[in-house]
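This is what each chain is made of:
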Amino acid sequence: MNIKTLLTTLVIGLIASVAFIVIQPFFGMLTLTSRHAAVYVEIGHYREEYAVILAWLLHGTVSIFYTFISLLIYNVNKSLTVSFLQIIILGWLTTLIATPANEWVIKLITTGEFTNIFALSDLNTEIGPKLWLHILFFALVVVSISLSRLTAFSKR
């Protein structure tokens with residue numbers, strides 16, 4: 001992997017991260033970063049400004065990681081079918097794990113302890129706003145990757 005690919009992943013991941021938080025209230029939810037920050041303050045006794053920074057750092061890191069996975073899939077197969085499938089499948093998988101994963105991270109940050117995964121909430125199998133939001137996130141990521149490749153190709 002070259003530096004250009006890493007920078008592309010970083011930029012797209014950060015843009016998608018911010019877009020996710022900006023769009024989230026339109027789905028009737030408080031933002032993930034505000035919910036996490038509030039818990040860090042309440043349970044972990046973090047100062048509010050540190051809690052907000054920490055929540056954004058964690059959310060951004062996860063978004064960049066998800067973007068990296070999408071980029072790997074895109075590099076293997078750029079077809080519309082595979083792109084569509086990765087948007088749906090990754091959106092669904094990340095929705096499934098979002099609730100227990102967020103709970104695990106919150107407990108780690110507020111207590112400093114690793115929580116047993118069997119003590120966490122069940123997987124989120126609900127078809128609703130969280131799923132649509134995750135699908136939109138991956139659609140933005142895949143479209144952005146495609147556009148970045150088109151613009152890079154057109155410059156050659």
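Here the structure is a predicted model, which means the values were calculated and not measured. (Residues numbered from 1 in each chain as written. Predicted model: local features only at pLDDT ≥ 70, side-chain atom pairs only at ≥ 80, totals over all residues. Heavy atoms only, no water.)

(A) Seen up close, the overall build of the protein chain. For the protein chain, the count of helices and strands is 5 helices and 0 strands. Taken against the 2.2 N^0.38 rule, which gives 15 Å for 156 residues, the C-alpha radius of gyration of the protein chain at 17 Å falls within 12% of a compact globule. Seen through its principal axes, the protein chain has C-alpha atoms that stretch 55 × 30 × 30 Å. Across the 156 residues in the protein chain, those meeting the buried criterion constitute 35%. Residue pairs at least 24 apart in sequence account for 68% of intrachain contacts in the protein chain once pairs closer than 6 positions are excluded. Element-wise, carbon and sulfur atoms account for 72% of the exposed surface of the protein chain, whose accessible area totals about 9600 Å². The averaged location of the 7 negative side-chain charges in the protein chain is 23 Å from the averaged location of its 9 positive side-chain charges. (Helix = DSSP H or I, 4+ residues; strand = E, 2+ residues; numbered from the N terminus. Rg over C-alpha atoms; globule rule 2.2 N^0.38 Å. Buried < 20%, exposed > 50% of the residue type's maximum accessible area, 1.4 Å probe, protein only. Contact = heavy atoms within 4.5 Å. Areas by Shrake-Rupley, 256 points an atom, 1.4 Å probe, with all protein chains shown as cover. Lys, Arg positive; Asp, Glu negative; His and termini not counted. Charge placed at Lys NZ, Arg CZ, Asp CG, Glu CD.)

(B) Fine view of a nonpolar patch on the surface. A surface patch of nonpolar side chains, about 640 Å² in accessible area, is lined by Val18, Val22, Ile23, Phe26, Val52, Trp56 and Leu136. Among the elements of the structure, α1 (3-23) and α3 (48-76) are those that each provide at least two residues to the nonpolar patch. Here the nonpolar patch takes 3 residues from α1, the largest share from any one element. Checked against the element boundaries, Phe26 lands in the loop between α1 and α2 (32-42). What makes Phe26 exposed here is its relative accessible area of 72%. (Patch = residues over 30% accessible without salt bridge, like charges linked within 9 Å, V, L, I, M, F, W, Y side chains within 5 Å. Salt bridge = Lys/Arg side-chain N within 4 Å of Asp/Glu carboxyl O.)

(C) View of the environment of Gly128. Topologically, Gly128 is positioned in the loop between α4 (80-111) and α5 (129-154). Taking C-alpha positions, Gly128 is 9.8 Å from Thr95, a pair spaced 33 residues apart along the chain.

(D) Quick look at the environment of His59. Looking at the secondary structure, you find His59 in helix α3. Taking C-alpha positions, His59 is 9.9 Å from Asn102, a pair spaced 43 residues apart along the chain. In this structure, His59 is in contact with Ser17, Phe20, Ile21, Leu32 and Thr33, ignoring residues within four places of it in sequence.

(E) Structural detail: the nonpolar core. By size, the foremost hydrophobic cluster in this structure holds 19 residues, and its most contacted members are Phe20, Ile87, Phe137, Phe138, Val141 and Ile145. Broken down by secondary-structure element, the contributors of at least two residues to this core are α1, α3, α4 and α5. Of the residues forming this core, the biggest block, 8 residues, is contributed by α5. Apart from residues no more than four positions distant in its own chain, Val141 is found in contact with Ile12, Ala16, Thr67 and Ser70. If you look at the next biggest cluster of nonpolar residues, it comprises 6 residues, including Ala37, Tyr40, Ala55 and Ile109. (Core = buried A, V, L, I, M, F, W, Y, C linked by side-chain atoms within 4.5 Å.)

(F) Seen up close, the packing of α3 against α4. The geometry of α3 relative to α4 is characterised by a closest axis approach of 11 Å and an angle of 150 degrees between their N-to-C directions. One way to sum up the angle between α3 and α4 is to call them roughly antiparallel. The handedness of the crossing between α3 and α4 comes out as right-handed. Side by side, α3 and α4 meet where Leu54, Leu58, Tyr66, Ile69, Ser70, Ile73 and Tyr74 of the first sit next to Val82, Ser83, Gln86, Leu90, Thr94, Ile97, Val105 and Ile109 of the second. (Axes fitted to C-alpha atoms, helices over the stretch in contact; angles between N-to-C directions. Parallel < 35°, antiparallel > 145°, perpendicular 65-115°, else oblique. Left-handed = near helix turned anticlockwise from the far one by under 90°.)

(G) Representation of the packing of α2 against α4. Where α2 contacts α4, the axes come no closer than 10 Å and their chain directions differ by 35 degrees. For α2 against α4, the interelement crossing comes out right-handed. Each of Leu32, His36, Val39 and Tyr40 in α2 lies in contact with α4, whose residues at this interface are Asn102, Val105, Ile106, Ile109 and Thr110.

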